Amino acid sequence: MANILRLYYGMTEPNVSKCKYYTQIYAETIDYVHWENKSTLYYESINLQFGKNKKVNKDLMVIEIERYLKELQPFENKIRSFKFHRNYYNLNMVFHHIQNQYHEVIGYCDKLLDYIETIGFPSIVIKRNTIRQKAEHLVLLNNFDEALVEVEKILVLETEGTSTWINAQKMLLLIYVNKREYLKADKITTELLSNQNYTKAISAYKRQIALIGVYLYIFRLMHIIPGYQEDQKSQVKKYMNEYPEFSRDKSSMNIPIIIAQLLEAIVLKREGEVIDRIDALKKYSSRYITKSDSIRSNCFINMLLEVVRNNYHIVAIERHAKKYHAKLLANPKLTSDEAAEVEFIPYEHLWEIIINFMKHRRNQDNRW
């Protein structure tokens, strides 16, 4: 429009002042479009690498993004372009995320959300995605109260049955299990399983929700969550049947299901299965879990081994597991996507639950 008007006042109805005015607007617009397109090119280049290649060289990517940001930064809040600012702030989010600088990611989420409020038109998808990014990084930082506030904002904007809605439900479950509000988490899984939009949906997040459901099932066996029924089918076996590829995984991502198998056998007093699971856990730990990969998983697995080695005798268990427990406490849970998926319930919480359960059962059953 500015180009048409500058030509009109320059040739059809000559007016020097108006021609200069619209020429200036046109020149600025060309500059805006240039940097908008560059920001898109840079963001898409990084997003394609990061989104499709889990083994990308993050050190090289940091250098690449840093170069892009240095070029784009002078134009922040200087040009009128929503797309530019969306790309620029998202590049900053990726830059800090791959360096595990989650506080900085949250800061750029807030900057983008503030910018969205100034543009004068709705941008629901970008707003929802940005709130989701903020919530996910609050979860990674174990800031569950603030994360809960953000997830509730997301759910208002989501369409039931979509993959992003299911992801929000997954985050809600993670928040509640980490806050030890297991009854609320169990209520969510129960409602999801009776929701046709959820049961018909196809989403990778359903696997994580199902795995959380496995642990909630074990907590019902332990009477931490009321409502256990003696004829209830094993959620552990159901999970392994539904997701066999993950139960066979050898990259340490199936640690939670192996632990769940052992816990179920212990709780139900299935001695044969306990021995089988202990042997499997020993082999898996020695082959696929190295100290450098996951010191916390190694500690917790050794603590579980002491439970069986000491014939469920509480005093002996606590004495022999003490060194592993101390090492676990000395190495806080890592803040990374991979660690969050493997250890979605902190090992400290699980150990406390196991010890309390065995103390209670020993009081109820002389055998323990």
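## Let's talk about the overall build of the protein chain
Phase 1: Looking only at helices and strands, the protein chain has 19 helices and zero strands in total.
Phase 2: Looking at the protein chain as a whole, 47% of its 368 residues are labelled buried.
Phase 3: Across the protein chain, every contact between residues at least 6 apart in sequence was considered, and the portion connecting residues at least 24 apart equals 62%.
Phase 4: Only carbon and sulfur atoms are counted for the fraction: they give 52% of the accessible area of the protein chain, which is about 19,800 Å².

## A word on the nonpolar core
Phase 1: Of all hydrophobic cores here, the largest spans 111 residues; its most connected members are I65, L91, Y215, F219, F300, W351 and M358.
Phase 2: Setting aside anything within four residues of it in sequence, one finds W351 in contact with F300, M303, L304, V307, I317, A321 and H325.

## A look at helix α14 (residues 255-267)
Phase 1: When the terminal C-alpha atoms of α14 are compared, their 18 Å separation across 13 residues agrees well with the 18 Å that a helix rising 1.5 Å per residue should span.
Phase 2: One or two steps after α14, the chain reaches K269, where phi turns positive at roughly 60°.

## A word on the environment of L91
Phase 1: Locating L91 in the fold gives a position in helix α4 (residues 82-97).
Phase 2: For the pair L91 and V105, spaced 14 residues apart in sequence, the C-alpha separation works out to 10.0 Å.
Phase 3: Leave out the neighbours within four places in its chain, and L91 touches Y42, Y43, I46, I65, Y68, L69 and L72.

## Some remarks on the packing of aromatic side chains
Phase 1: Applying the stated criterion across every chain, the model contains ten aromatic pairs.
Phase 2: Aromatic pair Y88 and Y89: ring centres 5.6 Å apart, planes at 55°, arrangement tilted. The residues Y88 and Y89 share a single accessibility class, namely buried.
Phase 3: Feature note: the residues F84, Y88, Y89 and Y108 constitute an aromatic cluster, connected by ring pairs.
Phase 4: Between K206 and the ring centre of Y198, over which it is positioned, the NZ or CZ distance is 4.8 Å.

## A word on helix α5 (residues 102-118)
Phase 1: Taking 1.5 Å of rise per residue, the 17 residues of α5 would be expected to cover 24 Å, and the 25 Å separating its terminal C-alpha atoms lies within 8% of that figure.
Phase 2: For α5, the complete set of buried residues consists of Y102, V105, I106, Y108, C109, L112, L113, Y115 and I116.
Phase 3: Where α5 terminates, the next one or two residues include G120, which has phi positive at roughly 80°.

## Re the packing of α5 against helix α6 (residues 124-140)
Phase 1: Put simply, α5 and α6 touch, their axes get as near as 9 Å, and they point 160° apart. Put simply, α5 runs roughly antiparallel to α6. The handedness of the crossing between α5 and α6 comes out as left-handed. Residues Y102, V105, I106, C109, D110, L112, L113, I116 and E117 of α5 pack against I126, K127, T130, I131, Q133, K134, H137, L138 and L140 of α6.
Phase 2: Across the contact of α5 with α6, the residue classes break down as eleven nonpolar, three polar and four charged.

## Examining the pattern of salt bridges
Phase 1: With the rule as written, the count across this model stands at 17 salt bridges.
Phase 2: Between K134 and E150 there is a salt bridge, with the nearest N and O atoms lying 3.6 Å from each other. Residue K134 is found in helix α6, and its partner E150 is found in helix α7 (residues 144-157); the two are separated by 16 residues along the sequence.
Phase 3: Here K179 makes a salt bridge to D145, at a shortest N to O gap of 2.5 Å. Placement of K179 in the loop between α8 (163-178) and α9 (182-193) and of D145 in helix α7 is noted, with a sequence separation of 34 residues between them.
Phase 4: What makes D145 exposed here is its relative accessible area of 52%.
Phase 5: Salt bridges linked by common partners bring D110, K134, E150 and K153 together as one network.

## Description of the environment of S39
Phase 1: Position of S39 relative to the elements: it lies in helix α2 (residues 16-52).
Phase 2: When its relative accessible area of 0% is taken as the criterion, S39 is described as buried.
Phase 3: Sequence spacing of S39 and Y68 is 29 residues, and the spatial spacing of their C-alpha atoms is 8.1 Å.
Phase 4: Dropping the residues within four chain positions of it, S39 is found in contact with L72, K83, F84 and N87.

## Observations concerning unusual backbone geometry
Phase 1: Unlike most non-glycine residues, N142 shows phi in positive territory, near 60°.
Phase 2: Checked against the element boundaries, N142 lands in the loop between α6 and α7.
Phase 3: According to the relative accessible area criterion, N142 is partly exposed, its value standing at 38%.
Phase 4: Phi is positive for Y312, close to 65°, though the residue is something other than glycine.
Phase 5: Mapping Y312 onto the fold places it in the loop between α16 (295-309) and α17 (314-330).
Phase 6: A relative accessible area of 5% places Y312 in the buried class.

## Considering the packing of α8 against α9
Pairs of packed helices are described in terms of their axes, by the angle between the two and the distance that separates them.
Phase 1: Following both chains from N to C, one finds α8 and α9 inclined at 155°, their axes separated by 8 Å at the closest point. If you check the angle between α8 and α9, you find them roughly antiparallel. When the axes of α8 and α9 are compared, the crossing they make is left-handed. Residues W165, Q169, L172, L173, Y176 and V177 of α8 form the contact with α9, whose own contacting residues are Y182, K184, A185, I188, T189 and L192.
Phase 2: When the residues that make up the contact of α8 with α9 are grouped by side-chain class, the tally is nine nonpolar, two polar and one charged.

What counts and what doesn't
- Residues numbered from 1 in each chain as written.
- Predicted model: local features only at pLDDT ≥ 70, side-chain atom pairs only at ≥ 80, totals over all residues.
- Heavy atoms only, no water.
- Helix = DSSP H or I, 4+ residues; strand = E, 2+ residues; numbered from the N terminus.
- Buried < 20%, exposed > 50% of the residue type's maximum accessible area, 1.4 Å probe, protein only.
- Contact = heavy atoms within 4.5 Å.
- Areas by Shrake-Rupley, 256 points an atom, 1.4 Å probe, with all protein chains shown as cover.
- Core = buried A, V, L, I, M, F, W, Y, C linked by side-chain atoms within 4.5 Å.
- Expected span 1.5 Å × (residues − 1).
- Phe/Tyr/Trp six-rings, centres within 6.5 Å; stacked < 30°, edge-to-face > 60°.
- Lys NZ or Arg CZ within 6 Å of the ring centre and 35° of its normal.
- Axes fitted to C-alpha atoms, helices over the stretch in contact; angles between N-to-C directions.
- Parallel < 35°, antiparallel > 145°, perpendicular 65-115°, else oblique.
- Left-handed = near helix turned anticlockwise from the far one by under 90°.
- Nonpolar A, V, L, I, M, F, W, Y, C, P; charged D, E, K, R; others polar.
- Salt bridge = Lys/Arg side-chain N within 4 Å of Asp/Glu carboxyl O.

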